[in-house]
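Residues per chain, in single letters:
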Amino acid sequence: MENNKVLGVNGLKKNYGAIQALKGISFDVPKGSVYGILGPNGSGKTTLLGIVLDVLKSNGGSFEWIGYAQAQDARKQIGALLETPNFYHYLNAIDNLKIVAEIKQIKNPDINGVLERVSLAERKHSKFQTYSLGMKQRLAIASALLSNPDIIVFDEPTNGLDPEGIAEIRNLIKELSSEGRTIIMASHLLDEVEKVCTHVAIMKKGVLLREGSVHTILKDEPTYELKADNMAALKDCLNTRSTLNSIIEEDGLLIVSFTEKVTATAINKFCFEHNVILTHLKENNYSLEKTFLELIK
Ligand code: ATP
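Computed from a predicted structure; not experimentally measured.

## Quick look at the pairing of strand S8 (residues 199–204)
The buried count for S8 comes to 5 of 6 residues, which makes it a mostly enclosed element. Pairing of strand S3 (residues 34–38) with S8, which is carried by 4 bridges, proceeds in the parallel orientation. From the neighbouring strand, Gly-36 faces S8, where its bridge partner is Val-200. Here S8 pairs with strand S9 (residues 207–213) via 6 bridges, running antiparallel. Across the sheet, His-199 pairs through a bridge with Ser-213, a residue of S9. The turn linking S8 back onto S9 is made up of 2 residues, and Lys-205 within it adopts a positive phi angle of 45°.

## Side note on the domain arrangement of the protein chain
Domain assignment breaks the protein chain into domain 1 (2–208) and domain 2 (221–295). Placing the centre of domain 1 and that of domain 2 at their C-alpha centroids yields a distance of 32 Å.

## Examining the site of the ligand
All residues adjacent to the ligand are Tyr-16, Ile-19, Ala-21, Pro-40, Asn-41, Gly-42, Ser-43, Gly-44, Lys-45, Thr-46, Thr-47 and Glu-156. At 2.9 Å from an oxygen atom of the ligand is found a main-chain nitrogen or oxygen belonging to Gly-44. Contact between the ligand and Lys-45: an oxygen atom at 2.8 Å from a side-chain N or O atom of the residue. Alone, the ligand offers 620 Å² of accessible surface; in the complex the protein occludes 58% of this. Of all the elements in the fold, those that place two or more residues in the shell around the ligand are strand S2 (19–30) and helix H1 (45–52).

## Looking at the packing of helix H3 (residues 93–103) against helix H5 (residues 133–145)
Between H3 and H5, the least distance of the axes is 10 Å, while the angle of their chain directions is 40°. For the crossing formed where H3 meets H5, the hand is right-handed. For the pair formed by H3 and H5, the contact residues are Ala-93, Leu-97 and Val-100 on the first element and Leu-139, Ala-142 and Ser-143 on the second. Among the residues forming the contact of H3 with H5, the class breakdown is 5 nonpolar, 1 polar and no charged.

## As for the side chain of Ser-246
Relative to the helices and strands, Ser-246 resides in strand S11 (residues 244–250). At a separation of 2.9 Å, a polar atom in the side chain of Ser-246 contacts the main-chain carbonyl oxygen of Glu-211. A polar side-chain atom of Ser-246 sits 2.8 Å from a polar atom in the side chain of Ser-257.

Criteria and thresholds
Residues numbered from 1 in each chain as written. Predicted model: local features only at pLDDT ≥ 70, side-chain atom pairs only at ≥ 80, totals over all residues. Heavy atoms only, no water. Buried < 20%, exposed > 50% of the residue type's maximum accessible area, 1.4 Å probe, protein only. Helix = DSSP H or I, 4+ residues; strand = E, 2+ residues; numbered from the N terminus. Pairing = 2+ DSSP bridges. Domains from an automatic or database assignment. Near = heavy atom within 4 Å. Polar contact = N/O pair within 3.5 Å; in protein donor to acceptor, adjacent residues only side chain to side chain. Areas by Shrake-Rupley, 256 points an atom, 1.4 Å probe, with all protein chains shown as cover. Axes fitted to C-alpha atoms, helices over the stretch in contact; angles between N-to-C directions. Left-handed = near helix turned anticlockwise from the far one by under 90°. Contact = heavy atoms within 4.5 Å. Nonpolar A, V, L, I, M, F, W, Y, C, P; charged D, E, K, R; others polar.

What follows is the structure, encoded as structure tokens:
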């Protein structure tokens, strides 16, 4: 398991009246990852991001941004893009960003720097209303970069863009990641998550189906369903295995995956040697694609 996490989400729940949008979601976001939250429309991605950004209140569970003394510091340090900000159509990029910096109380914002960063320097004197959709989206990203954040949160960053615009945004996300920033992004596109993300959490109707590194999930490594009379001991024992990739609790089972090739026999033996007797052990051979296709059916 990754110890170096920037965000821990623990059993988050959210109801809108009778609709259960989140039914107890738990995962950790490793530092420096591009963490994709993948799921079809309505699976709860936006709700989840809204809660960790303190725009929405949860009905249960908790979350923690690690490495910030106060929740307020975390919020200030996170660049978030939940929806395109309301830029002024008749103002240019520089003036729009000046207003954002003022609202966010950012001292000495590097407006030219962030415009350069999103390749808008040449058009910085043009009015917002003359921008293409892709440029508008890049200006929105520039506004999220004004505070030079270590963590950036995007909700469907390429929605509505043409192929060229999509490629630009994906490259930008990769560059921001290569600078050491952690990116958390929601997407309903498997292809996007495969191309851009290092980690993925797959959601369906408010439930987390699978979670782990994209590399491992794509390598077709199976997951295992495990159960023991003493679930806490089982969890502790699995956590001592250095090749543990992900561990999720679902319907009274632990769903685990490993970064190594491992057999059911080896898992059974490992648990037994740690004084844990399994009462259930089942291999699920799902690839990310298979899982996702099943979920959008
Ligand atoms: P999309 O990509 O379509 O936004 P999503 O995965 O982000 O989907 P959410 O927008 O979080 O999903 O919605 C999760 C569920 O909660 C859906 O069933 C949605 O209809 C419902 N929902 C979201 N916001 C509200 C709201 N303000 N009032 C009532 N129901 C809501």
